[in-house]
Amino acid sequence: MPSHLSADRPAPQPHERDAVDALIHRARQLRGEVDAVRRDAVLVDEEDPHTRWQRALCELAVHHLDDLGAHLGQLREGLGPDAPHTPRPPGQPSAKTPSRPAPHGGAAPSGSGSLIGRVGSAEWNLLTDEVTWSEELFQIFGRSPDAGPLSLDELPSVLLPEDQPLLTALVTDCLVDGRPLDGEFRILRTDGRTRTLHMMGEPVLDTDGCTASMWAVLRDVSELRRSEQAVRRTRDALRRRQHMARTERRMAVELQEAVLPPWRGPLRLPSRGAGVLDVAAHYLPSESSSLIGGDWYDALELPDDRTMLTVGDLTGHGVEAASAMAMLLGALRGMAVAGVEPGALMGHLNQLLESSVQPALGSAVCCRFDPATGTLAWAQAGHPAPLLFRNGEGRPLPSPDGVLLGAASGVAYEQDEAQLLPGDVLVLHTDGLNRHSDRGAGPDALLALAPRFAQARTAQECVRAVVTEFGGAERLDDACVLIARIGA
């Protein structure tokens, strides 16, 4: 920092004032643009941590731009035609600069407008014990000029106790070692308000090279530091939320992977005998990969050589949906192995979900295939019916009655049967399979794949056709598809 006792400077040239005017114009223009962004941030979700962080950054940028504009304003005043060519003495009031507009939605805080009242200067003469404060410094400290300035011995008394050692060290280093001053501390004003000041200064040497006085500029940076703290708080809150979201997603994925069957295909059920089912399945995530839902699929060989096929979907996303899915799928497997018929099984799942600690709604379809007779017994709970493809054409099976799981108490679920033939393809899917533009299309998009299914030799080839058609990242929800091809 140049000393206020430095030699006279040459007179400023006229082009310097034009350059400063251009900088002031650019600073004001930029401030207006940042303020517009800040106003837009106020209009969106106040509870979103990312929005709060953006708004805090805008506030901090506005504070910096206000300070820049005020400093340039003072520089412009100094470059005026009648301005002196030497720096202003510490006790002389600074030139006035335009005040900063009030923050959006509120009045300007006291002392936070222009640099007037926010930047002041002082000089402590060690030879005469004379102390000179600028008018602005009295305003910063909330001290009447009639009370006089504070000496270096008195100055620590207005600081917060924990900041007093810092000021003592700064002053000692400046006066004894000739080091420049540069530090921050907090003061307690007479009106009870706490302000944060940034102090910069240097020793002033006499002709013999000894310290004659200490000169300093003190700036009230309270609003700036509050803005910086707001940025840090909102940034930390955003990071915590992002970390929690990543953790929850990882837990949901791990839980889902642990519960869903490890196979994707091909799978042959039952493992022996005639009428073997060729089974393959696939899980398709939503366009937002962070949304892990409660979709499931499974195929299970039963003790009597029959096969259980199922898909389903629970409302919600994240760990809760994945844990509820794990509970239902575990119960479904156990009851299927115990020989419970699909209709009765749906009734038990409904009761289980209704009595759960975390109530939810779900849809499901459960099929039991008998390879000896080719009979498919099935029931559904508010779920899309299985699609049957035969001889190059597809159609949904007529649905037996069944409401959503968890929607009503004591309801009965009808059970229906269908006769399957060798070469038939059965498709079970959840309703998140369709794209955005196909939300009302129902099963039509899948039924259009009938020619490709007719050409496929395995269930895995059928699944590949579905993934090719629906595997793009355009779905609102995750989805499952399970395909069974009936063998000879």
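Right, let's walk through the structure included here. Keep in mind the model is a prediction, meaning the values are calculated, not measured.

This paragraph deals with the state of the cysteines. On inspection of all chains with the given rule, the structure shows zero disulfides. The closest cysteine sulfur to the non-disulfide-bonded Cys367 is located on Cys366, 6.7 Å from its own sulfur.

It is worth spelling out the pattern of salt bridges at this point. Evaluation of the coordinates by the stated rule reveals 16 salt bridges. Here Glu228 and Arg225 are joined by a salt bridge, their closest N and O atoms 3.0 Å apart. Taken as a pair, Glu228 and Arg225 lie in helix α5 (residues 222-259) at a separation of three residues, close to a single helical turn. Bridged by salt links that share partners, the residues Arg195, Asp220, Glu223 and Arg226 form one connected network.

Pairing in this open sheet of five strands is antiparallel, and the strands run β2-β1-β5-β4-β3 from one edge to the other. The sheet is open, and its two edges are formed by β2 (131-133) and β3 (181-188), each paired on a single side. In this sheet, adjacent strand axes meet at a mean angle of 25 degrees when their direction is disregarded. Pairing analysis gives three bridges linking strand β1 (residues 119-125) to β2, with the strands arranged antiparallel. Within the sheet, the bridge partner assigned to Ala122 lies in β2 and is Trp133. The strands touched by helix α4 (residues 164-177) within the sheet are β3, β4 (194-205) and β5 (211-220), with β3 carrying the most contacts at an inclination of about 145 degrees.

Once that is clear, we can look at unusual backbone geometry. Positive phi values are uncommon outside glycine, yet Asp305 reaches one of about 75 degrees. Relative to the assigned elements, Asp305 resides in the loop between β8 (296-301) and β9 (307-314). Looking at Asp305, the relative accessible area reads 27%, which means it is partly exposed.

It is worth spelling out the packing of helix α6 (residues 319-337) against helix α7 (residues 342-354) at this point. Between α6 and α7, the least distance of the axes is 10 Å, while the angle of their chain directions is 150 degrees. Between α6 and α7 lies a crossing of right-handed hand. Between α6 and α7, the contacting residues are Met327, Leu328, Ala331, Leu332, Met335 and Ala336 on the first element and Leu345, His348, Leu349, Leu352 and Leu353 on the second. Here the residues of the contact of α6 with α7 sort into ten nonpolar, one polar and no charged.

What counts, and where the lines are drawn
Residues numbered from 1 in each chain as written. Predicted model: local features only at pLDDT ≥ 70, side-chain atom pairs only at ≥ 80, totals over all residues. Heavy atoms only, no water. Disulfide = S-S within 2.5 Å. Salt bridge = Lys/Arg side-chain N within 4 Å of Asp/Glu carboxyl O. Helix = DSSP H or I, 4+ residues; strand = E, 2+ residues; numbered from the N terminus. Pairing = 2+ DSSP bridges. Axes fitted to C-alpha atoms, helices over the stretch in contact; angles between N-to-C directions. Contact = heavy atoms within 4.5 Å. Buried < 20%, exposed > 50% of the residue type's maximum accessible area, 1.4 Å probe, protein only. Left-handed = near helix turned anticlockwise from the far one by under 90°. Nonpolar A, V, L, I, M, F, W, Y, C, P; charged D, E, K, R; others polar.

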